[in-house]
Amino acid sequence: MKLLYVASECAPFVKTGGLADVIGAVPKSLADMGAGVRVMLPAYPALSDLLKSGKALKKYKDLFGGSARLMSVSSQGIDLLLLDAPHLFDRTGSLYIDANGEDWDDNHLRFGALSYAAADVAQGSLKSWRPDLVHIHDWQAGLVPAYLKQSGKPAPPVVMTIHNIAFQGVFPASTLSELKLSKTLFTPDGVEYWGKVSFLKAGLALSDKITTVSPSYANELLTPEFGMGMEGLLKARQGDLSGILNGIDTDVWNPENDSVLPAVYSARALKNKAKSKKAVQKRFGLAPSDGPLFCVISRLTKQKGLDLLVDCLPGLVGRGAQLAVLGTGDKDFQKAFKDASAKYQGSVGTIIGYDEQLSHLLQGGADAILIPSRFEPCGLTQLYGLRYGTIPVVARTGGLADTVIDANEAALVADCATGVQFNPITTQMLDVAIGRTCALFNAGKTWDKMTRRAMRHPVGWESSAQAYHQLYSALVET
Ligand code: ADP
Ligand code: GLC
């Protein structure tokens, strides 16, 4: 089976969040099942070196305002199709926003072009390679089935995955002609959304199947609270919607051979985790302490519920615990954690920035990872936490609910707890969860057992990649 993945990020090449991790990992597991995936990605500046060794497969004289090429290159076990369109992607700044933190004002053209070229590939424009199925990820690839539909030519089936419904790619109706979209698609069962063009809506309305990244989030999406305006459409398509849980790349995230850690460790031999803890304390300006060390590795946004955590800091510090925060995002959150680090010097430490290596060290050195998200389609940092024996303390929502087993009395007796959950998602309940975690930590033996159990919890891609494979097979065969 030949599959075309269309996405805006792919680890280890270019990443702002969990989407990249998923796109970088699933193709490898699918390859083990005999499916060949090509990942189509914009050629951002971070990919310029790779681009040099690429082979041009197709040229466009004018793709939404400039010339473009589709380049084929393989690296680190991933086959890439890079859309080299300098007028759209060769610029400094982040993937989606400019240096002032504003969305690029031509984002519709940037990701419209990605979808347009992907639709072309889907319909055989490369001659040497034609996919049996296209899998599009998030709004940035949402227009693929719209372009396929308007071409009228035979097209392969399309699966769309929602990684986060909060991002919908909504633009004024006037962009329709710039995007070369036919007016006939500007209807409620096409790309139209309350008088505007929505890339996400287009994907959800026109794809053959829809998936999201956890079973709980698939259910939550049908409610107004979580569906963010798309719940009606998703309800109408409920029969085509399913939740397939994310996994992680267990080669990249492995405490038994992680070169970032001062000393490797395993569930059998945990002693060396203490060396990473010391290194984290040093790096984050924390005092040497044997108390519980919590960490946060996150985008600092409202979704992640970190304002709740700021309010819980007096209680956390008062219990003799410490906190190390690695994150970047909203200015207010950055300031709140910086201020807290000054106020609770030696107990709270913050590093603002995006640092992949440091995120590995934190997973290795912290005792627990805090994830108080208001909503979380899947979440990956709790899975990395499980793998590294860093107990996840999570809001009971979305994929967090599906991946962490709360250490309640029954679970402790049954010997199956792997973390701590709380709900409702309030400051008060987060404080209770932090208190429960500290008590478990201080109970020594129970904590040790839970840590080892967490590390043995299966977090790889095997079963979910199988689920995707089954979904694809059913579509390709019909
Ligand atoms: P989301 O995609 O919503 O941000 P996930 O938990 O699915 O949430 O994925 C976040 C990914 O980004 C994880 O791989 C996490 O380790 C990484 N990450 C988030 N913030 C940082 C940071 N400041 N530095 C390094 N890695 C980060
Ligand atoms: C999104 C979600 C996150 C999920 C990731 C990968 O960014 O916020 O919960 O893990 O996509 O699917």
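Because the structure is predicted, anything quoted here is derived from the model rather than measured. (Residues numbered from 1 in each chain as written. Chains lettered and ligands numbered in written order. Predicted model: local features only at pLDDT ≥ 70, side-chain atom pairs only at ≥ 80, totals over all residues. Heavy atoms only, no water.)

Q: Which parts of the structure should I look at to understand helix α11 (residues 273-283)?
A: Residues spaced three or four apart along an α-helix point in a common direction, a consequence of the helix completing one turn every 3.6 residues. Listed as buried for α11 are K273, S276, K277, V280 and Q281. The buried side chains of α11 occupy one side of the element, clustering within an arc of 140 degrees when seen end-on. Opposite its buried face, α11 presents the exposed residues K278 and K282, each directed more than 90 degrees away. On its buried side, α11 packs onto β13 (293-300), β14 (322-329), α14 (356-365) and α18 (427-442). Looking one or two residues beyond α11, the residue adopting positive phi is G285, at roughly 65 degrees. (Buried < 20%, exposed > 50% of the residue type's maximum accessible area, 1.4 Å probe, protein only. Helix = DSSP H or I, 4+ residues; strand = E, 2+ residues; numbered from the N terminus. Arc of directions from axis to C-beta. Contact = heavy atoms within 4.5 Å.)

Q: Would you take a moment to explain the sheet that holds strand β18 (residues 420-422) for this structure?
A: Backbone-to-backbone hydrogen bonds join strands into a sheet, with any given pair of strands oriented parallel or antiparallel. Strand order in the open sheet formed by six strands is β15-β14-β13-β16-β17-β18, with parallel pairing between adjacent strands. Two strands lie at the open edges of the sheet, namely β15 (348-352) and β18, each paired on one side alone. Between one strand axis and the next, the sheet turns by 20 degrees as a mean value, whatever way the strands run. Here β14 runs beside β15; their pairing, made up of five bridges, is parallel. Directly across from L326, in β15, lies its bridge partner I351. Along the sheet, helix α12 (residues 306-318) makes contact with β13, β14, β15 and β16 (368-371), crossing β13 at roughly 165 degrees. (Pairing = 2+ DSSP bridges. Axes fitted to C-alpha atoms, helices over the stretch in contact; angles between N-to-C directions.)

Q: Please explain the pairing of strand β11 (residues 209-212) as it appears in this structure.
A: Look at any regular strand and the pattern is simple: side chains alternate between the two faces of the sheet. Relative to β11, strand β7 (residues 158-162) is paired through four bridges, and the arrangement is parallel. For V159, the partnering residue across the bridge sits in β11 and is K209. In this structure, β11 lies alongside strand β12 (residues 241-243), joined through three bridges in parallel fashion. Its bridge partner lying in β12, I210 is registered against L241.

Q: Please explain the nonpolar core as it appears in this structure.
A: Proteins that are soluble and globular tend to have nonpolar side chains buried together. Of all hydrophobic cores here, the largest spans 145 residues; its most connected members are L83, F294, L309, L323 and L370. Here the element with the most residues in this core is helix α4 (residues 107-122); it accounts for nine residues. If we ignore the near neighbours within four places in the chain, the residues touching L83 are L41, P42, A43, L63, A68, R69, L70, F89, A113, L114 and A117. Among the nonpolar cores identified, the runner-up in size contains 17 residues, and V280, L293, A324 and V404 belong to it. (Core = buried A, V, L, I, M, F, W, Y, C linked by side-chain atoms within 4.5 Å.)

Q: Explain the site of ligand 2 here, please?
A: Within the structure, ligand 2 sits among 14 residues, and H163, N246, E376, C378 and G379 are positioned closest to it. Measuring from an oxygen atom of ligand 2, one finds a side-chain N or O atom of Q303 at 3.4 Å. Here an oxygen atom of ligand 2 sits 3.5 Å away from a polar atom, N or O, in the main chain of P377. Top contributing element to the shell around ligand 2 by residue count: helix α1 (residues 18-32), with three residues. Among the residues making up the shell around ligand 2, the classes are represented as six nonpolar, six polar and two charged. (Near = heavy atom within 4 Å. Polar contact = N/O pair within 3.5 Å; in protein donor to acceptor, adjacent residues only side chain to side chain. Nonpolar A, V, L, I, M, F, W, Y, C, P; charged D, E, K, R; others polar.)

Q: Which parts of the structure should I look at to understand the packing of aromatic side chains?
A: Any two aromatic rings considered together are summarised by their centre-to-centre distance and by the angle between their planes. Going through the model one piece at a time under the given rule, you end up with 14 aromatic pairs. Here F171 and F199 contribute two aromatic rings whose centre-to-centre distance is 5.2 Å and whose plane-to-plane angle is 65 degrees, an arrangement assigned as edge-to-face. A residue pair is termed long-range when its members are at least 10 positions apart, and F171 in strand β8 (residues 170-171) and F199 in helix α7 (residues 199-206) qualify at 28 residues. Here the aromatic rings of Y468 and Y472 are separated by 6.2 Å at their centres, their planes lie at 20 degrees, and the arrangement is stacked. Of this pair, Y468 and Y472 both sit in helix α20 (residues 462-477), four residues apart, roughly one helical turn. (Phe/Tyr/Trp six-rings, centres within 6.5 Å; stacked < 30°, edge-to-face > 60°.)

Q: When you look at the layout of surface pockets in this model, what are you seeing that I'm missing?
A: A water-sized probe rolled over the atoms picks out the places where empty space is left. If you add up the space inside the second largest pocket, you get close to 430 Å³. Sorting the residues of the lining of the second largest pocket by element identifies α11 and α19 (445-456) as the ones contributing at least two each. Counting residues per element, the lining of the second largest pocket draws most heavily on α11, at five residues. Broken down by class, the residue content of the lining of the second largest pocket amounts to seven nonpolar, five polar and seven charged. (1 Å grid on protein atoms, 1.4 Å probe; cavity = no way out; pocket = protein on both sides within 12 Å on 5 of 7 lines; lining within 4 Å. Points joined across faces, edges and corners; volume = space filled by probe spheres on them.)

Q: It is not clear to me how the environment of A118 should be interpreted in this structure. Could you clarify?
A: Relative to the assigned elements, A118 resides in helix α4. Judged by relative accessible area, which is 0%, A118 ranks as buried. Not counting residues up to four positions away in its chain, the partners in contact with A118 are L4, V6, M40 and V144.

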